[in-house]
Amino acid sequence: MKEGKRKRGGKRGFGVAGTFFVTLFIMLSLGIAGILLLKLIGQEGEENKAFAEGLYAQETIHFIPESISERLDEKDLTGTKTKPEPTPTPRYLEELSDADYMKANNIFPWEASDGDKVTIGFVGDILMDDEYAIMANLLNRGRTIENGISQAMLEQMRGVDILVANNEFPFTDRGTPTEGKTFTFRADTGAVSYLHDMGVDVAVLANNHIYDFGETGLLDTLDTLTSAGIPLVGAGRNLEEASAPLYFIVNDMKIAIVAATQIERLDNPDTKGATENSAGVFRCLNPEKLYEVVGKAKENSDFVIVYIHWGTENQTEIDWLQTDQAPRIAEAGADLIIGDHPHCLQGITYFDDTPVIYSMGNFWFNSRTVDTGMVQVTIGKEGLETFQFVPGLQSDCRVDLVQGEEKERILALMRELSPDVSIDENGFVSKK
């Protein structure tokens, strides 16, 4: 039998058995290589997982490789929620970041001593005309505010986050007094520093003496307060300015203050009401505009305060315009109503949940001996938390915080004037 042909220069074949063993060797080699490769991949995965978990244990993630970050978005690697929750964005961040908007809308950023609450204080009539007793006595005694307001009362005033006072005079060195008016007041523009000394943060101008030296005196007052960095409310260069609410953004709350006057109940009063084109005060003898402003303030804020000049001088009894307007101001959206003008204290009541003190009386105004005080409220995220009447006494051209028998006497007077509320021994007021 002849052998088969061989290819010249070719290799000898393995035969059937040889082919089997070669194939088996190749398969075993590939299997071992595959096992080693999978082990290496697994080790890398565990390292990546440990790396990711280590990063999430830190407060800040500076960098995560793309492959890992994709997996973190899809699945929590540790089985528990480890991503920090986003910090809530303050509701008024957009307004606070726009300085032009805030200026145009009378909005002021503010800080409070407590991160959850705001304390606001209110005092009645103040006067700084050096031709009248209150200021003449201060100048004779040494010019510092402590010679006109006791240290204890100053601590009470300076202790609140926002202090509001009725500025019952213009700051001006010019102008002429209103002809035929019995009392015309003004203070030198430099006297504005006393407001800072008292701790006053808001000057209310809606009263019957801010126009005593005409439009010149009023405009000088606006400029003086603005230059001193003291927000003002209740008067302006036109009706839009005069009626505009003043806003404070503090502790992620927005608090509005509106001020108006219904005094000088004449069609053409000495204290001019602002018009579209002329300076003056915000008048509310016809109250419809006031209700409208209060309603809009409520829409744009969390808490609305109305400081209103009303009532009859030297009478503790409430007059008909006070009782007519108070419940409607509350209905329009006011959360708190503060009154002044009568130069004496008047009672406290509630309309639904809105407290009203009809008159704060004189605070630091003349030489008469009269009971006075300061209202201090606490406002939280849910609204009004506390309402406190802090008794004081104006006497001999000074105002003092009172204690002991005098404190109890004034609190007893306020209880008598306020049959609808309870007033405890510390002056805290609640609805009966």
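Thresholds, definitions, all that
Residues numbered from 1 in each chain as written. Predicted model: local features only at pLDDT ≥ 70, side-chain atom pairs only at ≥ 80, totals over all residues. Heavy atoms only, no water. Helix = DSSP H or I, 4+ residues; strand = E, 2+ residues; numbered from the N terminus. Polar contact = N/O pair within 3.5 Å; in protein donor to acceptor, adjacent residues only side chain to side chain. Buried < 20%, exposed > 50% of the residue type's maximum accessible area, 1.4 Å probe, protein only. Pairing = 2+ DSSP bridges. Right-handed = clockwise from strand over helix to strand, strands pointing away. 1 Å grid on protein atoms, 1.4 Å probe; cavity = no way out; pocket = protein on both sides within 12 Å on 5 of 7 lines; lining within 4 Å. Points joined across faces, edges and corners; volume = space filled by probe spheres on them. Nonpolar A, V, L, I, M, F, W, Y, C, P; charged D, E, K, R; others polar. pLDDT = per-residue confidence, 0-100. Contact = heavy atoms within 4.5 Å. Axes fitted to C-alpha atoms, helices over the stretch in contact; angles between N-to-C directions.

Asker: When you look at the side chain of Gln-346 in this model, what are you seeing that I'm missing?
Answerer: With respect to the helices and strands, Gln-346 occurs in the loop between β11 (336-340) and β12 (348-351). Of the polar contacts made by the side chain of Gln-346, one reaches the side chain of Gln-322; its length is 3.0 Å.

Asker: Is there a simple way to explain the pairing of strand β10 (residues 303-309) in this structure?
Answerer: Two faces make up the sheet, and in a regular strand the side chains alternate between them. In terms of residue burial, β10 counts as a mostly covered element, since seven of its seven residues are buried. Pairing of strand β8 (residues 253-261) with β10 involves seven bridges; the strand directions are parallel. Along β10, the bridge assignment pairs Ile-257 with Ile-305. Where β10 meets β11, five bridges bridge the pair, whose relative direction is parallel. Looking across to β11, one finds that Val-306 is bridged to Ile-337. Handedness of the crossover is the feature at issue here: the chain leaves β10, passes through helix α11 (residues 320-332), returns alongside β11, and the resulting connection is right-handed.

Asker: Just to check I follow, could you spell out unusual backbone geometry for this structure?
Answerer: Phi is mostly negative for residues that are not glycine, and the peptide bonds are mostly trans. At Arg-143, a residue that is not glycine, the phi angle is positive and equals roughly 75°. Mapped onto the secondary structure, Arg-143 falls in the loop between α5 (133-141) and α6 (151-158).

Asker: Would you explain the layout of surface pockets in this entry?
Answerer: Any empty space left between the atoms is revealed when a probe the size of a water molecule rolls over them. Within this model, the largest pocket holds a volume of roughly 1100 Å³. Lys-103, Ala-104, Asn-105, Asn-106 and Ala-244 are the residues nearest the centre of the largest pocket, which is lined by 35 residues in total. Of all the elements in the fold, those that place two or more residues in the lining of the largest pocket are α4 (99-104), β1 (107-109), α8 (214-227), β5 (232-233), β6 (235-236), α9 (239-243) and α10 (288-299). The dominant element in the lining of the largest pocket, judged by the number of residues it contributes, is α10, at five residues. Along the lines of polarity and charge, the residues of the lining of the largest pocket split into 17 nonpolar, eight polar and ten charged. Roughly 270 Å³ of internal volume is contained in the second largest pocket.

Asker: What's the story with the confidence of the model for the protein in this structure? I'm lost.
Answerer: Reading fine detail from the predicted coordinates is not recommended where pLDDT is low. Averaged over all residues, the pLDDT of the protein is 85; the fraction at 70 or higher stands at 79%. pLDDT under 50 marks residues 1-22. Its contacts with residues more than four places away, or in other chains, come to two contacts. Confidence drops under pLDDT 50 across residues 35-83; counting only partners more than four residues distant or on other chains, this segment forms 25 contacts.

Asker: Teacher, can you tell me more about the sheet that holds β10 here?
Answerer: Strand order in the open sheet formed by seven strands is β1-β7-β8-β10-β11-β13-β12, with mixed pairing between adjacent strands. Strands with a single pairing partner mark the edges of an open sheet, and in this sheet they are β1 and β12. Within this sheet the neighbouring strands show an average axis-to-axis angle of 20°, counted without direction.

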